[in-house]
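Structure at a glance
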Amino acid sequence: MAGFDVIVIGGGMAGVSIGYELAADRRVLLLEMEQTLAFHTTGRSAAMFLESYGGPAVRALTVASRSFLESLDVLAPLPMLYIGRAGRGPAVRALHDAVCTLAPTVQLLDGAQAERVQPLLQHGAVEAALLEPDAEEIDVHALHQHYLRGLRERGGSVRTTAAVESARLRSGEWQVSAADETWTAPVVVNAAGAWADDVAAVFGARPVGLQALRRTAFIADAPPGVSGPLIADVDDAFYVKPERGRVLCSPADETPQPPGDARADELEIARAIEVINEVTTLDVQHVRSRWAGLRTFAADRSPVVGFDDTQPGFFWFAGQGGYGIQLAPALARTGAALVRGESVPSDVAALGLSAAAIAPTRTR
Ligand SMILES: Cc1cc2nc3c(=O)[nH]c(=O)nc-3n(C[C@H](O)[C@H](O)[C@H](O)COP(=O)(O)OP(=O)(O)OC[C@H]3O[C@@H](n4cnc5c(N)ncnc54)[C@H](O)[C@@H]3O)c2cc1C
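Just so you know, these numbers come straight off a predicted model, no measurement behind them.

Here we come to the sheet that holds strand 5 (residues 75–77). If you trace the three strands from one edge of the open sheet to the other, you get 4-9-5, paired in antiparallel fashion. Among the strands making up the open sheet, the edge pair consists of strand 4 (48–49) and strand 5. Across two bridges, strand 4 lies against strand 9 (residues 136–138) in antiparallel orientation. Paired with Phe 49 across the strands is Glu 136, a residue of strand 9.

Time to look at the domain arrangement of the chain. You can read the domains of the chain as domain 1 (2–43 + 140–207 + 300–363) and domain 2 (79–134 + 211–297). Taking the mean C-alpha position of each, domain 1 and domain 2 sit 31 Å from one another. The interface of domain 1 with domain 2 comprises twelve residues on the first partner and eight residues on the second.

For the ligand, the set of nearby residues contains 41 residues, the closest of which are Gly 10, Gly 12, Gly 193, Gly 293 and Gly 324. Listed by contribution, the elements that provide at least two residues to the shell around the ligand are helix 1 (13–22), strand 15 (211–221) and strand 20 (287–297). Element by element, the count of residues in the shell around the ligand is highest for helix 1, at three residues. Counting the residues that make up the shell around the ligand, at least three belong to each of domain 1 (2–43 + 140–207 + 300–363) and domain 2 (79–134 + 211–297).

Along strand 18 (residues 246–250), four of the five residues are buried, which leaves the element largely enclosed by surrounding structure. Pairing of strand 15 with strand 18, which is carried by four bridges, proceeds in the antiparallel orientation. Looking at the pairing, Asp 221 lines up with Arg 246 of strand 18. Summarising the sheet, strand 17 (residues 239–243) and strand 18 pair through five bridges and their orientation is antiparallel. By the bridge assignment for strand 18, Tyr 239 is matched with Ser 250. The antiparallel pairing of strand 17 with strand 18 creates a hairpin that spans two residues between the two strands, and Arg 244 there sits at a positive phi of about 45 degrees.

In this section: the sheet that holds strand 1 (residues 2–3). With respect to topology, four strands assemble into an open sheet ordered 1-13-12-11, the strand pairing being mixed. Whereas interior strands pair on both sides, the edge strands pair on one side only; in this sheet they are strand 1 and strand 11 (164–170). Relative to strand 13 (residues 181–185), strand 12 (residues 173–178) runs antiparallel, the two being bridged by five bridges. When the bridges of strand 13 are listed, Val 176 appears paired with Trp 183.

With 14 residues, helix 5 (residues 140–153) extends 20 Å between its outermost C-alpha atoms, agreeing within 8% with the 20 Å of an ideal straight helix rising 1.5 Å per residue. Residues Val 140, Leu 143, His 144, His 146, Tyr 147, Leu 148 and Leu 151 constitute the buried set of helix 5. Looking at the buried positions of helix 5, the neighbouring elements they touch are helix 1, strand 3 (28–31), helix 2 (56–72), strand 9 and helix 8 (328–339). A positive backbone phi angle near 95 degrees is found at Gly 155, which sits one or two residues after helix 5.

Attention now goes to unusual backbone geometry. A cis geometry characterises the amide bond from Gly 228 onward to Pro 229, with omega recorded as 5 degrees. Mapped onto the fold, Pro 229 is located in the loop between strand 15 and strand 16 (230–233). With a phi angle near 60 degrees, Asp 180 is a residue other than glycine that sits in the positive phi range. Structurally, Asp 180 is set in the loop between strand 12 and strand 13. When the 6 C-beta atoms within 10 Å are taken as the criterion, Asp 180 is described as exposed. One non-glycine residue, Arg 244, lies in the positive phi region at around 45 degrees. Turning to its location among the elements, Arg 244 is positioned in the loop between strand 17 and strand 18.

Conventions used here
Residues numbered from 1 in each chain as written. Predicted model: local features only at pLDDT ≥ 70, side-chain atom pairs only at ≥ 80, totals over all residues. Pairing = 2+ DSSP bridges. Helix = DSSP H or I, 4+ residues; strand = E, 2+ residues; numbered from the N terminus. Domains from an automatic or database assignment. Contact = placed C-beta atoms within 7 Å. Near = placed C-beta within 6 Å. Buried ≥ 20, exposed ≤ 12 C-beta atoms within 10 Å, placed from the backbone. Expected span 1.5 Å × (residues − 1).

Dropping the structure here:
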(Lines give C-alpha, C1' and ligand atoms only; values in the text may rest on other atoms or scores of the structure.)
Protein backbone atom coordinates (compact mmCIF):
# COMPACT_ATOMS: atom_id res chain seq x y z
CA MET A 1 0.00 0.00 0.00
CA ALA A 2 1.55 3.27 -1.11
CA GLY A 3 1.30 6.00 1.50
CA PHE A 4 0.52 9.69 0.92
CA ASP A 5 -0.18 12.73 3.09
CA VAL A 6 -3.42 13.56 1.28
CA ILE A 7 -5.70 11.64 -1.08
CA VAL A 8 -7.95 13.90 -3.19
CA ILE A 9 -11.08 12.30 -4.68
CA GLY A 10 -12.23 13.92 -7.94
CA GLY A 11 -10.31 15.37 -10.89
CA GLY A 12 -12.56 18.30 -11.79
CA MET A 13 -11.56 21.91 -11.10
CA ALA A 14 -12.08 21.43 -7.36
CA GLY A 15 -9.81 18.40 -7.06
CA VAL A 16 -6.91 19.63 -9.21
CA SER A 17 -6.90 23.11 -7.64
CA ILE A 18 -6.77 22.00 -4.00
CA GLY A 19 -4.44 19.13 -4.97
CA TYR A 20 -2.05 21.69 -6.49
CA GLU A 21 -2.14 23.91 -3.38
CA LEU A 22 -1.55 21.00 -1.00
CA ALA A 23 1.23 19.50 -3.13
CA ALA A 24 3.39 22.51 -2.20
CA ASP A 25 4.27 20.76 1.07
CA ARG A 26 2.44 17.38 1.04
CA ARG A 27 2.58 14.13 -0.89
CA VAL A 28 -0.71 14.17 -2.81
CA LEU A 29 -2.53 11.42 -4.71
CA LEU A 30 -5.55 12.42 -6.83
CA LEU A 31 -8.07 9.70 -7.77
CA GLU A 32 -10.59 10.18 -10.62
CA MET A 33 -13.18 7.58 -11.55
CA GLU A 34 -13.42 8.51 -15.24
CA GLN A 35 -10.77 7.80 -17.89
CA THR A 36 -10.21 11.54 -18.31
CA LEU A 37 -10.23 14.41 -15.86
CA ALA A 38 -12.81 17.21 -16.14
CA PHE A 39 -15.27 14.87 -17.87
CA HIS A 40 -18.23 15.97 -15.74
CA THR A 41 -19.26 19.48 -14.68
CA THR A 42 -15.87 21.15 -15.17
CA GLY A 43 -15.85 20.28 -18.87
CA ARG A 44 -19.39 21.59 -19.38
CA SER A 45 -19.45 25.12 -17.98
CA ALA A 46 -20.23 28.46 -19.59
CA ALA A 47 -16.75 29.64 -18.54
CA MET A 48 -17.73 33.01 -17.07
CA PHE A 49 -16.13 35.08 -14.31
CA LEU A 50 -18.80 37.24 -12.67
CA GLU A 51 -18.11 39.17 -9.48
CA SER A 52 -21.84 39.92 -9.18
CA TYR A 53 -22.88 36.26 -9.13
CA GLY A 54 -23.94 34.19 -6.11
CA GLY A 55 -24.25 34.94 -2.40
CA PRO A 56 -21.76 36.86 -0.23
CA ALA A 57 -19.35 33.93 0.30
CA VAL A 58 -19.24 33.15 -3.43
CA ARG A 59 -18.73 36.80 -4.37
CA ALA A 60 -15.89 37.21 -1.86
CA LEU A 61 -14.15 34.09 -3.18
CA THR A 62 -14.63 35.23 -6.78
CA VAL A 63 -13.22 38.71 -6.17
CA ALA A 64 -10.28 37.11 -4.32
CA SER A 65 -9.61 34.86 -7.35
CA ARG A 66 -9.27 37.63 -9.95
CA SER A 67 -5.59 38.50 -9.51
CA PHE A 68 -4.47 34.86 -9.78
CA LEU A 69 -6.57 34.30 -12.92
CA GLU A 70 -5.15 37.53 -14.41
CA SER A 71 -1.61 36.40 -13.61
CA LEU A 72 -2.19 33.18 -15.59
CA ASP A 73 -3.60 35.10 -18.56
CA VAL A 74 -6.73 32.90 -18.70
CA LEU A 75 -9.26 35.76 -18.70
CA ALA A 76 -10.69 37.63 -21.69
CA PRO A 77 -13.07 40.59 -21.26
CA LEU A 78 -16.76 39.79 -21.83
CA PRO A 79 -19.11 42.24 -20.08
CA MET A 80 -22.35 40.92 -18.61
CA LEU A 81 -25.83 42.49 -18.88
CA TYR A 82 -28.55 41.31 -16.49
CA ILE A 83 -31.89 42.33 -17.96
CA GLY A 84 -35.25 42.83 -16.29
CA ARG A 85 -38.26 42.54 -18.53
CA ALA A 86 -41.58 44.41 -17.98
CA GLY A 87 -42.22 44.85 -14.26
CA ARG A 88 -38.80 43.47 -13.24
CA GLY A 89 -36.96 46.78 -12.77
CA PRO A 90 -37.12 46.42 -8.96
CA ALA A 91 -35.38 43.01 -9.17
CA VAL A 92 -32.54 44.59 -11.19
CA ARG A 93 -32.19 47.43 -8.67
CA ALA A 94 -32.17 44.94 -5.78
CA LEU A 95 -29.38 43.00 -7.53
CA HIS A 96 -27.43 46.25 -7.95
CA ASP A 97 -27.75 47.06 -4.24
CA ALA A 98 -26.64 43.55 -3.26
CA VAL A 99 -23.52 43.43 -5.43
CA CYS A 100 -22.24 47.02 -5.76
CA THR A 101 -19.95 46.91 -2.71
CA LEU A 102 -17.81 44.01 -3.94
CA ALA A 103 -18.28 44.83 -7.64
CA PRO A 104 -18.22 48.66 -7.58
CA THR A 105 -18.07 49.13 -11.35
CA VAL A 106 -21.58 47.70 -12.00
CA GLN A 107 -23.98 50.21 -13.58
CA LEU A 108 -27.78 50.47 -13.59
CA LEU A 109 -29.21 51.13 -17.08
CA ASP A 110 -32.68 51.88 -18.38
CA GLY A 111 -34.12 49.97 -21.35
CA ALA A 112 -32.83 52.41 -24.01
CA GLN A 113 -29.31 52.39 -22.56
CA ALA A 114 -29.36 48.59 -22.43
CA GLU A 115 -30.29 48.48 -26.14
CA ARG A 116 -27.34 50.73 -26.97
CA VAL A 117 -24.96 48.50 -25.00
CA GLN A 118 -26.29 45.28 -26.54
CA PRO A 119 -27.97 45.89 -29.95
CA LEU A 120 -29.20 42.27 -30.02
CA LEU A 121 -32.01 43.29 -27.62
CA GLN A 122 -35.47 43.76 -29.11
CA HIS A 123 -36.66 47.36 -28.88
CA GLY A 124 -38.76 47.83 -25.73
CA ALA A 125 -38.15 44.33 -24.35
CA VAL A 126 -36.13 45.49 -21.35
CA GLU A 127 -37.30 47.74 -18.49
CA ALA A 128 -33.99 47.94 -16.62
CA ALA A 129 -30.59 46.31 -16.75
CA LEU A 130 -27.41 45.91 -14.73
CA LEU A 131 -24.12 46.10 -16.62
CA GLU A 132 -21.06 44.39 -15.14
CA PRO A 133 -18.32 45.85 -17.37
CA ASP A 134 -15.48 43.90 -15.76
CA ALA A 135 -16.95 40.42 -16.30
CA GLU A 136 -14.64 38.00 -18.08
CA GLU A 137 -14.57 34.76 -20.00
CA ILE A 138 -12.29 32.06 -18.49
CA ASP A 139 -10.16 29.63 -20.46
CA VAL A 140 -11.33 26.68 -18.33
CA HIS A 141 -9.12 24.12 -20.04
CA ALA A 142 -5.99 26.25 -19.55
CA LEU A 143 -6.82 26.81 -15.87
CA HIS A 144 -7.47 23.10 -15.25
CA GLN A 145 -4.25 22.20 -17.07
CA HIS A 146 -2.29 24.78 -15.08
CA TYR A 147 -3.36 23.13 -11.82
CA LEU A 148 -2.87 19.59 -13.12
CA ARG A 149 0.61 20.33 -14.51
CA GLY A 150 1.55 22.13 -11.31
CA LEU A 151 0.30 19.26 -9.15
CA ARG A 152 2.52 16.84 -11.08
CA GLU A 153 5.51 19.21 -11.05
CA ARG A 154 5.18 19.40 -7.27
CA GLY A 155 5.45 15.61 -7.10
CA GLY A 156 1.73 14.78 -6.93
CA SER A 157 0.35 11.59 -8.51
CA VAL A 158 -2.84 11.24 -10.54
CA ARG A 159 -4.77 8.02 -11.17
CA THR A 160 -7.71 7.87 -13.57
CA THR A 161 -10.25 5.04 -13.92
CA ALA A 162 -10.06 4.84 -10.15
CA ALA A 163 -13.53 5.05 -8.60
CA VAL A 164 -13.21 5.09 -4.82
CA GLU A 165 -15.52 2.37 -3.57
CA SER A 166 -14.36 1.52 -0.08
CA ALA A 167 -12.38 3.03 2.76
CA ARG A 168 -11.51 2.21 6.34
CA LEU A 169 -9.71 4.01 9.11
CA ARG A 170 -6.80 2.17 10.76
CA SER A 171 -4.60 3.85 13.36
CA GLY A 172 -5.31 7.33 12.08
CA GLU A 173 -4.72 6.44 8.41
CA TRP A 174 -7.45 6.06 5.80
CA GLN A 175 -7.06 3.00 3.60
CA VAL A 176 -8.73 3.99 0.34
CA SER A 177 -9.49 1.42 -2.35
CA ALA A 178 -10.23 1.91 -6.04
CA ALA A 179 -9.63 -0.25 -9.10
CA ASP A 180 -8.25 -3.17 -7.04
CA GLU A 181 -5.60 -1.02 -5.40
CA THR A 182 -5.36 0.52 -1.93
CA TRP A 183 -3.53 3.66 -0.83
CA THR A 184 -3.23 5.24 2.60
CA ALA A 185 -3.28 8.81 3.90
CA PRO A 186 -4.31 10.50 7.15
CA VAL A 187 -6.29 13.12 5.19
CA VAL A 188 -8.83 12.56 2.40
CA VAL A 189 -10.25 15.51 0.45
CA ASN A 190 -13.74 14.94 -0.91
CA ALA A 191 -13.82 16.90 -4.20
CA ALA A 192 -16.29 14.58 -5.91
CA GLY A 193 -18.73 17.23 -7.18
CA ALA A 194 -22.24 15.78 -7.57
CA TRP A 195 -21.06 12.56 -5.91
CA ALA A 196 -19.69 14.20 -2.75
CA ASP A 197 -22.48 12.98 -0.45
CA ASP A 198 -22.12 9.45 -1.91
CA VAL A 199 -18.36 9.54 -1.34
CA ALA A 200 -18.95 10.70 2.25
CA ALA A 201 -21.09 7.62 2.83
CA VAL A 202 -18.13 5.43 1.78
CA PHE A 203 -16.14 7.06 4.61
CA GLY A 204 -18.98 6.72 7.12
CA ALA A 205 -19.57 10.49 7.17
CA ARG A 206 -23.08 11.90 7.23
CA PRO A 207 -24.22 13.66 4.04
CA VAL A 208 -24.39 17.45 4.08
CA GLY A 209 -27.49 17.49 1.86
CA LEU A 210 -25.99 18.42 -1.49
CA GLN A 211 -28.38 18.67 -4.42
CA ALA A 212 -27.23 18.24 -8.02
CA LEU A 213 -29.22 20.42 -10.44
CA ARG A 214 -29.01 19.81 -14.16
CA ARG A 215 -28.25 22.79 -16.38
CA THR A 216 -28.61 22.58 -20.15
CA ALA A 217 -26.59 24.58 -22.68
CA PHE A 218 -26.66 24.77 -26.46
CA ILE A 219 -24.88 26.48 -29.35
CA ALA A 220 -26.82 28.35 -32.04
CA ASP A 221 -25.81 30.39 -35.07
CA ALA A 222 -25.63 34.16 -34.72
CA PRO A 223 -25.54 37.04 -37.22
CA PRO A 224 -22.04 38.13 -38.32
CA GLY A 225 -20.26 40.46 -35.92
CA VAL A 226 -22.29 39.48 -32.87
CA SER A 227 -20.42 40.38 -29.68
CA GLY A 228 -20.83 40.99 -25.94
CA PRO A 229 -22.12 41.71 -23.48
CA LEU A 230 -23.56 38.38 -22.41
CA ILE A 231 -27.32 38.77 -21.79
CA ALA A 232 -28.79 37.08 -18.71
CA ASP A 233 -32.37 37.33 -17.54
CA VAL A 234 -32.52 38.59 -13.95
CA ASP A 235 -35.17 35.93 -13.23
CA ASP A 236 -32.95 33.17 -14.64
CA ALA A 237 -35.22 32.41 -17.60
CA PHE A 238 -32.23 32.17 -20.00
CA TYR A 239 -28.80 33.51 -20.88
CA VAL A 240 -27.08 34.15 -24.20
CA LYS A 241 -23.30 34.35 -24.46
CA PRO A 242 -21.78 35.60 -27.73
CA GLU A 243 -18.88 33.29 -28.56
CA ARG A 244 -16.70 33.33 -31.68
CA GLY A 245 -19.46 34.14 -34.19
CA ARG A 246 -22.04 31.93 -32.48
CA VAL A 247 -24.05 32.09 -29.27
CA LEU A 248 -23.90 29.77 -26.29
CA CYS A 249 -27.42 29.76 -24.84
CA SER A 250 -28.95 28.23 -21.74
CA PRO A 251 -32.46 27.89 -20.35
CA ALA A 252 -30.80 28.34 -16.93
CA ASP A 253 -32.69 25.21 -15.88
CA GLU A 254 -32.23 23.78 -12.39
CA THR A 255 -33.73 20.30 -12.41
CA PRO A 256 -32.84 18.06 -9.45
CA GLN A 257 -31.07 14.89 -10.60
CA PRO A 258 -29.10 12.05 -9.07
CA PRO A 259 -25.35 12.19 -9.83
CA GLY A 260 -24.52 10.89 -13.32
CA ASP A 261 -23.74 11.85 -16.89
CA ALA A 262 -26.26 14.67 -17.39
CA ARG A 263 -28.12 15.01 -20.70
CA ALA A 264 -29.58 18.15 -22.30
CA ASP A 265 -33.33 18.69 -21.85
CA GLU A 266 -34.99 19.28 -25.25
CA LEU A 267 -38.12 20.84 -23.73
CA GLU A 268 -36.01 23.33 -21.82
CA ILE A 269 -34.13 24.16 -25.03
CA ALA A 270 -37.42 24.81 -26.84
CA ARG A 271 -38.64 27.02 -23.98
CA ALA A 272 -35.38 28.98 -23.97
CA ILE A 273 -35.49 29.54 -27.74
CA GLU A 274 -38.99 31.00 -27.39
CA VAL A 275 -37.91 33.55 -24.75
CA ILE A 276 -34.61 34.35 -26.48
CA ASN A 277 -36.50 35.09 -29.72
CA GLU A 278 -38.93 37.34 -27.81
CA VAL A 279 -36.22 39.35 -26.08
CA THR A 280 -33.51 39.44 -28.78
CA THR A 281 -33.30 39.73 -32.56
CA LEU A 282 -31.27 36.50 -32.80
CA ASP A 283 -34.13 34.52 -34.40
CA VAL A 284 -32.71 31.19 -33.22
CA GLN A 285 -34.02 28.40 -35.48
CA HIS A 286 -31.37 25.73 -35.35
CA VAL A 287 -29.37 24.19 -32.50
CA ARG A 288 -25.85 23.14 -33.53
CA SER A 289 -24.90 21.22 -30.39
CA ARG A 290 -26.21 20.70 -26.88
CA TRP A 291 -25.04 19.36 -23.53
CA ALA A 292 -25.82 19.51 -19.82
CA GLY A 293 -23.93 19.39 -16.56
CA LEU A 294 -24.76 19.10 -12.88
CA ARG A 295 -24.36 22.16 -10.67
CA THR A 296 -24.23 20.89 -7.10
CA PHE A 297 -25.36 23.06 -4.20
CA ALA A 298 -25.73 23.00 -0.44
CA ALA A 299 -29.06 24.42 0.78
CA ASP A 300 -27.59 27.95 1.23
CA ARG A 301 -25.63 27.77 -2.06
CA SER A 302 -22.25 28.43 -0.43
CA PRO A 303 -19.42 25.90 -0.86
CA VAL A 304 -18.92 23.18 1.76
CA VAL A 305 -15.29 23.27 2.90
CA GLY A 306 -13.79 21.93 6.12
CA PHE A 307 -13.13 18.81 8.15
CA ASP A 308 -16.05 16.52 8.88
CA ASP A 309 -17.18 16.64 12.50
CA THR A 310 -17.43 12.87 12.91
CA GLN A 311 -14.82 11.22 10.66
CA PRO A 312 -11.23 12.25 11.44
CA GLY A 313 -9.20 13.46 8.49
CA PHE A 314 -12.20 13.52 6.14
CA PHE A 315 -12.23 16.96 4.49
CA TRP A 316 -15.16 18.35 2.47
CA PHE A 317 -14.41 20.39 -0.67
CA ALA A 318 -17.78 20.38 -2.41
CA GLY A 319 -20.88 22.42 -3.25
CA GLN A 320 -19.16 24.63 -5.85
CA GLY A 321 -22.55 25.03 -7.58
CA GLY A 322 -22.52 27.35 -10.58
CA TYR A 323 -19.31 29.11 -9.56
CA GLY A 324 -16.65 26.40 -9.25
CA ILE A 325 -14.43 27.78 -12.02
CA GLN A 326 -14.50 31.46 -11.18
CA LEU A 327 -13.80 30.97 -7.47
CA ALA A 328 -11.39 28.03 -7.81
CA PRO A 329 -8.15 29.89 -6.99
CA ALA A 330 -9.35 31.47 -3.73
CA LEU A 331 -11.35 28.41 -2.68
CA ALA A 332 -8.35 26.12 -3.24
CA ARG A 333 -6.08 28.39 -1.18
CA THR A 334 -8.73 28.57 1.54
CA GLY A 335 -9.32 24.81 1.52
CA ALA A 336 -5.59 24.06 1.67
CA ALA A 337 -5.17 26.48 4.59
CA LEU A 338 -7.97 24.76 6.51
CA VAL A 339 -6.47 21.31 5.79
CA ARG A 340 -3.21 22.58 7.34
CA GLY A 341 -5.09 23.83 10.41
CA GLU A 342 -4.51 27.48 9.44
CA SER A 343 -7.03 30.34 9.19
CA VAL A 344 -8.78 31.53 6.04
CA PRO A 345 -6.10 33.43 4.01
CA SER A 346 -6.05 37.07 5.10
CA ASP A 347 -6.92 38.53 1.68
CA VAL A 348 -10.01 36.28 1.46
CA ALA A 349 -11.01 36.98 5.08
CA ALA A 350 -10.67 40.73 4.40
CA LEU A 351 -13.42 40.36 1.77
CA GLY A 352 -15.75 38.95 4.43
CA LEU A 353 -15.33 35.17 4.16
CA SER A 354 -15.23 33.21 7.42
CA ALA A 355 -14.52 29.51 7.89
CA ALA A 356 -17.93 29.20 9.59
CA ALA A 357 -19.74 30.41 6.43
CA ILE A 358 -18.46 27.41 4.47
CA ALA A 359 -18.10 24.82 7.26
CA PRO A 360 -19.82 21.46 6.68
CA THR A 361 -21.24 21.67 10.22
CA ARG A 362 -23.43 24.65 9.24
CA THR A 363 -25.51 22.33 7.06
CA ARG A 364 -26.51 20.02 9.92
C1 LIG B 1 -24.01 24.58 -17.99
C2 LIG B 1 -23.10 25.00 -16.87
C3 LIG B 1 -22.56 26.28 -16.87
C4 LIG B 1 -21.68 26.68 -15.87
N5 LIG B 1 -21.11 27.92 -15.97
C6 LIG B 1 -20.18 28.30 -15.06
C7 LIG B 1 -19.53 29.55 -15.20
O8 LIG B 1 -19.78 30.31 -16.14
N9 LIG B 1 -18.59 29.89 -14.27
C10 LIG B 1 -18.27 29.06 -13.21
O11 LIG B 1 -17.43 29.42 -12.39
N12 LIG B 1 -18.89 27.86 -13.07
C13 LIG B 1 -19.83 27.46 -13.96
N14 LIG B 1 -20.45 26.25 -13.83
C15 LIG B 1 -20.18 25.46 -12.63
C16 LIG B 1 -18.82 24.77 -12.66
O17 LIG B 1 -18.67 24.09 -13.89
C18 LIG B 1 -18.74 23.81 -11.46
O19 LIG B 1 -18.95 24.52 -10.25
C20 LIG B 1 -17.38 23.12 -11.36
O21 LIG B 1 -17.02 22.56 -12.60
C22 LIG B 1 -17.43 22.02 -10.30
O23 LIG B 1 -16.19 21.35 -10.29
P24 LIG B 1 -15.99 20.06 -9.43
O25 LIG B 1 -14.58 19.68 -9.57
O26 LIG B 1 -16.56 20.29 -8.06
O27 LIG B 1 -16.97 18.96 -10.10
P28 LIG B 1 -16.69 17.97 -11.33
O29 LIG B 1 -16.05 18.68 -12.45
O30 LIG B 1 -17.98 17.27 -11.62
O31 LIG B 1 -15.62 16.96 -10.75
C32 LIG B 1 -15.94 15.97 -9.79
C33 LIG B 1 -15.18 14.74 -10.18
O34 LIG B 1 -15.28 13.75 -9.16
C35 LIG B 1 -15.23 12.49 -9.79
N36 LIG B 1 -15.73 11.46 -8.87
C37 LIG B 1 -16.99 11.36 -8.36
N38 LIG B 1 -17.08 10.28 -7.56
C39 LIG B 1 -15.86 9.69 -7.54
C40 LIG B 1 -15.33 8.53 -6.90
N41 LIG B 1 -16.06 7.75 -6.08
N42 LIG B 1 -14.02 8.20 -7.11
C43 LIG B 1 -13.24 8.97 -7.92
N44 LIG B 1 -13.71 10.08 -8.57
C45 LIG B 1 -15.00 10.44 -8.38
C46 LIG B 1 -16.12 12.68 -11.01
O47 LIG B 1 -15.89 11.72 -12.00
C48 LIG B 1 -15.73 14.10 -11.43
O49 LIG B 1 -14.71 14.09 -12.43
C50 LIG B 1 -21.34 25.81 -14.80
C51 LIG B 1 -21.87 24.52 -14.81
C52 LIG B 1 -22.73 24.11 -15.82
C53 LIG B 1 -23.27 22.71 -15.82
